Amino acid sequence: MFVNIRNVSKRYGKKQVLQEVNLEIAEGEMFGVAGHNGAGKSTLLSIVAAVMKPNSGEVLIGGQSVHVLGSQAKQQIGYVPQELALYPSLRGIDNLAFWGRMYGLRGKELAQRMDEVAEIIHLRDRIRERVEAYSGGMKRRLNLGVALLHRPKLLILDEPTAGVDVGSRKHILKALKEISERRCTILYTSHHLEEMKACDRIGVLKSGRLVAVGTPQEVQHELEGEQYGDEEKE
Ligand SMILES: Nc1ncnc2c1ncn2[C@@H]1O[C@H](COP(=O)(O)OP(=O)(O)OP(=O)(O)O)[C@@H](O)[C@H]1O
């Protein structure tokens, strides 16, 4: 398995937020984490992204611990947190260039990759405009693009479609499907049922415990219990 989450537990002070989470994700799999607000989804994703350390347990990527690998692990991971990490007064293309340089890309390689990424996120025609003129959905797409620049093998997205219109949601979902077809492993959370149904498998977190893992059909019952049932109508 490409991602191994082993006995991961996390507390904030006395509050236990994750309890002995065990999960394996195959290379190229699109895996969704579902659960109520506060279930521990963001905490789990940030531990897998090596942004936060668990109190116990470990996360392996390609057989190696992310916390031992440090910056090497980060080269394999693209992490898109809920908050946008963009410079609004700069153009889309300048944001990509800035973050691309942060990942160590330069010159022709950087220019080529920026062009490819603009295509993947369906923003090529607007990439020379300032980010402050973008819609919420375009900003989300650019935020996703930033995480793709260094060709990560594992893409982790925390609510990539939060607060965006239906059109942009479809663009983002389509981009994720295409990225996953290129053997990139995807781990993400969403509050939208249709996006959870697009996953190969889903894990349902309840108060920090993983209570079900399976295909969307297999965990349908748990998803309905997590109030994902009505959102499709939006
Ligand atoms: N830095 C922190 N310090 C203390 N408590 C925290 C911290 N971050 C999160 N929590 C708490 O931990 C619990 C899990 O939070 P987390 O953000 O992982 O859940 P979530 O499932 O992603 O929720 P949401 O869907 O609202 O984003 C919540 O009760 C939250 O209030």
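Refer to the structure printed above.
Conventions and cut-offs
- Residues numbered from 1 in each chain as written.
- Predicted model: local features only at pLDDT ≥ 70, side-chain atom pairs only at ≥ 80, totals over all residues.
- Helix = DSSP H or I, 4+ residues; strand = E, 2+ residues; numbered from the N terminus.
- Rg over C-alpha atoms; globule rule 2.2 N^0.38 Å.
- Buried ≥ 20, exposed ≤ 12 C-beta atoms within 10 Å, placed from the backbone.
- Contact = placed C-beta atoms within 7 Å.
- Axes fitted to C-alpha atoms, helices over the stretch in contact; angles between N-to-C directions.
- Parallel < 35°, antiparallel > 145°, perpendicular 65-115°, else oblique.
- Left-handed = near helix turned anticlockwise from the far one by under 90°.
- Nonpolar A, V, L, I, M, F, W, Y, C, P; charged D, E, K, R; others polar.
- Near = placed C-beta within 6 Å.
- Expected span 1.5 Å × (residues − 1).

## A few points about the overall build of the protein chain
- Within the protein chain, the regular secondary structure consists of 9 helices and 10 strands.
- At 17 Å, the protein chain has a C-alpha radius of gyration in line with the 17 Å of a compact globule built from 234 residues.
- Projecting the C-alpha coordinates of the protein chain onto the three principal axes gives extents of approximately 45 × 45 × 35 Å.
- A total of 234 residues make up the protein chain; the buried ones form 41% of that total.
- Summarising the internal contacts of the protein chain: among those between residues at least 6 apart in sequence, 69% fall at separations of at least 24.

## Some details on the packing of helix H4 (residues 92-102) against helix H6 (residues 136-148)
- Following both chains from N to C, one finds H4 and H6 inclined at 25°, their axes separated by 9 Å at the closest point. Here H4 is positioned roughly parallel relative to H6, judged by the angle of their axes. Crossing handedness for the pair H4 and H6: right-handed. Within the contact between the two elements, H4 uses Gly92, Asn95, Leu96 and Trp99 and H6 uses Leu142, Gly145 and Val146.
- Considered class by class, the residues forming the contact of H4 with H6 number 4 nonpolar, 3 polar and no charged.

## Quick word on the site of the ligand
- In the vicinity of the ligand, the residues found are Tyr12, Lys15, Val17, Gly35, Asn37, Gly38, Ala39, Gly40, Lys41, Ser42 and Thr43.
- Those elements that place two or more of their residues in the shell around the ligand are strand E2 (15-25) and helix H1 (41-48).
- The dominant element in the shell around the ligand, judged by the number of residues it contributes, is H1, at 3 residues.
- A per-class count over the shell around the ligand returns 3 nonpolar, 6 polar and 2 charged.

## With respect to H6
- Look at H6: 19 Å from first C-alpha to last across 13 residues, which is about the 18 Å you get at 1.5 Å a residue.
- Buried residues dominate H6, accounting for 11 of its 13 residues.
- Within H6, the full set of buried residues consists of Met138, Lys139, Arg140, Arg141, Leu142, Asn143, Leu144, Gly145, Val146, Ala147 and Leu148.
- If you follow the buried residues of H6, they end up packed against strand E6 (77-80), H4, helix H5 (107-120), strand E7 (154-158) and helix H7 (166-181).

## Topic: the environment of Ile61
- Secondary-structure assignment places Ile61 in strand E4 (residues 56-61).
- Taking the number of C-beta atoms within 10 Å as the measure of exposure, Ile61 has 21 and is therefore buried.
- For the pair Ile61 and Lys153, spaced 92 residues apart in sequence, the C-alpha to C-alpha distance is 9.5 Å.
- If sequence neighbours within four positions are ignored, Ile61 has contacts with Phe2, Val3, Val66, Ala73, Gln76 and Leu154.

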